[in-house]
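# Understanding the architecture of this molecule
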Amino acid sequence: RTRTMSAKEFVLKTVKSAPAVVFSKTTCGFCTRTKQALAAKGIEVQVIELDKRADGADIQAALLEVTKQRTVPNVWYKGNFIGGNDDTQAAIKAG
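Summary of the structure given here. (Residues numbered from 1 in each chain as written. Predicted model: local features only at pLDDT ≥ 70, side-chain atom pairs only at ≥ 80, totals over all residues. Heavy atoms only, no water.)

This part covers the packing of aromatic side chains. On inspection of all chains with the given rule, the structure shows one aromatic pair. A cation sits over an aromatic face here: Arg-53 above Phe-10, 4.5 Å from the ring centre. (Phe/Tyr/Trp six-rings, centres within 6.5 Å; stacked < 30°, edge-to-face > 60°. Lys NZ or Arg CZ within 6 Å of the ring centre and 35° of its normal.)

Before going further, it helps to spend a moment on the nonpolar core. One finds Val-11, Val-21, Phe-23, Leu-50, Ile-59, Leu-63 and Trp-76 to be the most contacted residues of the largest nonpolar core, which totals 15 residues. Breaking this core down by element, the ones donating at least two residues are helix H1 (3-14), strand E1 (20-24) and helix H3 (56-67). When neighbours within four sequence positions are excluded, Val-21 is seen to be in contact with Thr-14, Val-15, Gln-46, Ile-48, Asn-74, Val-75 and Trp-76. Of all hydrophobic cores here, the second largest spans five residues; its members include Val-22, Ala-37, Val-75 and Ile-92. (Core = buried A, V, L, I, M, F, W, Y, C linked by side-chain atoms within 4.5 Å. Buried < 20%, exposed > 50% of the residue type's maximum accessible area, 1.4 Å probe, protein only. Helix = DSSP H or I, 4+ residues; strand = E, 2+ residues; numbered from the N terminus. Contact = heavy atoms within 4.5 Å.)

With that out of the way, let us pick up the pattern of salt bridges. Enumeration according to the criterion identifies three salt bridges in this entry. One salt bridge connects Glu-65 with Lys-8, and the closest N-O pair in it is separated by 3.1 Å. Separated by 57 residues along the polypeptide, Glu-65 in helix H3 and Lys-8 in helix H1 bring together distant segments of the chain. When its relative accessible area of 36% is taken as the criterion, Glu-65 is described as partly exposed. Under the relative-accessibility criterion, Lys-8 is labelled partly exposed at 23%. (Salt bridge = Lys/Arg side-chain N within 4 Å of Asp/Glu carboxyl O.)

Geometric values such as these leave the question of function open.
Laid out in structure tokens, this is it:
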């Protein structure tokens, strides 16, 4: 098993483990806005801070493979990929 496969398995398992999952970096302003917007709606969020994990680069590579998006925030809701900050803000406004 390669590290990428284990990272991919981690992504696929994690996105089903909470109502909302945000793959984030602590230095990312868009990530902060996304996390704040979800919290303001009272949505339970599991946050994975990629820059605080030794396998963060592997997880980010797996996110690219799974979602075709490498950037953060990488947001999932109820196991479905939403997108980044703009997509998340639009989804929140739409209800």
